[in-house]
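Spelled out, the chains give:
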Amino acid sequence: MIWISEADARTHKFDQKADLIFCDANQSIGKFNAHSLIEDGDFTYFTRRWVRNCLKYLNDDGIFIFTALPRYSYDFERVVRAEGSVNYRETVVWHYRFGTYVRSKFVTSHLNIFIYQRGKPLFDWRQVAVPSQRQQAGDDRADARGRTPGTVWEHSGSVWDIPRMSGNKKQRTSDSPQLPFKLVKRLIKGFIPRRVIDVMTGSGTVPIVCKHLGIHCEAIDIDPYAVQRAKKRVEEFDKDLFL
């Protein structure tokens, strides 16, 4: 079952605890600034408040996943580590093509995906297995089940080639950046959660993926327009988007 509602991640009381909490906060930072919701422009204070509140709803053997562009990664990690209620597990780097074009510095072409855990969460590598290099080479010694992907996602046996969501993609909404369905699906599926909390749902990608996987999801966003858009996308869910 999917629930999507208008709420502030810093104060919202979720209905139940979850096995996995997901937050793609990058796309919300500008929005929160625009709405003057970061007190005195203090990004760290703002982040600390929503992280502290949301982690109260993570189960004892749970996973916390959050994305961060390079310029925000240090601040995000510093806040999460300071909370002390979850432990660092690993970082996945999603490398994509066609980063925003600039001339003043190197073009940013990756997103950091931080994975923290509480206790000993389940992980089934078979849920996210990819063909190994031996399999692709036709080596008889290859494990027919494949192998666990690496932590840099591009396009060979140990990594994933997941392109950015371009404006002409069927899955793309007209006015907001989005994480690709394939990316979110792989992040969630390996941990086989029964219930997911999506802290800043935006266009509703996480609840759509959860609906596809048959996982309960409670999603919130402070923007009423985003909530209505996410609800509409979930209602119009098309399994062909995942093919």
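All values derive from a computational prediction rather than experimental measurement. (Residues numbered from 1 in each chain as written. Predicted model: local features only at pLDDT ≥ 70, side-chain atom pairs only at ≥ 80, totals over all residues. Heavy atoms only, no water.)

Trainee: Could you give an account of the overall build of the chain, naming the residues involved and the relevant values?
Mentor: For the chain, the helix and strand inventory stands at seven helices and eight strands. For the chain, the residues scored as buried account for 49% of the 243 residues in total. For the chain, restricting intrachain contacts to residue pairs at least 6 apart in sequence, the fraction spanning at least 24 positions comes to 71%. Total accessible area computed for the chain in this model is approximately 12700 Å², and 48% of it derives from carbon and sulfur atoms. (Helix = DSSP H or I, 4+ residues; strand = E, 2+ residues; numbered from the N terminus. Buried < 20%, exposed > 50% of the residue type's maximum accessible area, 1.4 Å probe, protein only. Contact = heavy atoms within 4.5 Å. Areas by Shrake-Rupley, 256 points an atom, 1.4 Å probe, with all protein chains shown as cover.)

Trainee: Describe the confidence of the model for the chain, naming the residues involved and giving the relevant values.
Mentor: Predicted confidence across the chain gives a mean pLDDT of 83, with 80% of residues reaching 70 or more. Ranking the elements of the chain by mean pLDDT puts helix H1 (residues 26-34) last, at 52, and strand E7 (residues 195-198) first, at 98. Below pLDDT 50 for its whole length, residues 155-160 participates in 22 contacts with residues either more than four positions away or in separate chains. (pLDDT = per-residue confidence, 0-100.)

Trainee: Account for the packing of aromatic side chains, naming residues and giving values.
Mentor: Under the counting rule described, the total for this entry stands at nine aromatic pairs. With centroids separated by 5.2 Å and ring planes inclined at 35°, the aromatic side chains of Phe64 and Phe66 adopt a geometry described as tilted. With a centroid separation of 5.2 Å and 55° between ring planes, the pair formed by Phe123 and Phe191 is classed as tilted. Here the residue Phe123 occupies a position in the loop between strand E5 (110-117) and helix H4 (133-136), and Phe191 occupies one in the loop between helix H5 (181-189) and E7, the gap between them amounting to 68 residues. Taken together, the aromatic side chains of Trp50, Phe64, Phe66, Phe76, Tyr88, Phe114 and Tyr116 make up a single cluster linked through ring pairs. Stacked on the ring of Phe123, the Lys or Arg Arg89 has its end atom at 5.5 Å from the ring centre. (Phe/Tyr/Trp six-rings, centres within 6.5 Å; stacked < 30°, edge-to-face > 60°. Lys NZ or Arg CZ within 6 Å of the ring centre and 35° of its normal.)

Trainee: I'd like to hear about the environment of Ala9, residue by residue, with values.
Mentor: Tracing the backbone through its elements, the reader meets Ala9 in the loop between strand E1 (2-6) and strand E2 (18-23). By relative accessible area, which is 4% here, Ala9 ends up buried. Ignoring sequence-local partners within four residues, the contact set of Ala9 consists of Trp50, Asn53, Cys54, Val199, Met200 and Ile220.

Trainee: How would you sum up the pairing of strand E3 (residues 58-68)? Please name residues and give values.
Mentor: A large share of E3 lies buried, amounting to eight of its 11 residues. Inspection of the sheet shows E3 paired to E5 by six bridges, in the antiparallel sense. If you follow Ile63 over to E5, its bridge partner there is Gln117. (Pairing = 2+ DSSP bridges.)

Trainee: Mind laying out the side chain of Ser132, listing which residues take part and the relevant values?
Mentor: You can see Ser132 is positioned in the loop between E5 and H4. On the basis of relative accessibility, which here comes to 11%, the residue Ser132 falls in the buried class. Not counting residues within four places of it along the chain, the set of residues in contact with Ser132 comprises Ala142, Gly146 and Arg147.

Trainee: How would you summarise the pairing of E5 if you had to cite specific residues and measurements?
Mentor: The element E5 is extensively covered by neighbouring structure, given that seven of its eight residues are classed as buried. Examined bridge by bridge, strand E4 (residues 87-95) and E5 share eight bridges and lie antiparallel to one another. Bridge pairing in E5 links Tyr88 to Tyr116.

Trainee: An account of helix H3 (residues 70-83) is requested, with residue identities and associated values reported.
Mentor: A turn of α-helix holds 3.6 residues, and therefore any two residues three or four places apart point the same way. Here H3 contains 14 residues, and its C-alpha end-to-end distance of 21 Å stays within 8% of the 20 Å for a straight helix at 1.5 Å per residue. Of all the positions in H3, only Tyr72, Ser73, Phe76, Glu77, Val79 and Val80 are classed as buried. The buried residues of H3 occupy an angular sector of 165° when the element is viewed end-on, so they sit on one face. Residues of H3 that are exposed and point more than 90 degrees away from the buried face comprise Arg71, Tyr74 and Ala82. A positive backbone phi angle near 75° is found at Gly84, which sits one or two residues after H3. (Expected span 1.5 Å × (residues − 1). Arc of directions from axis to C-beta.)

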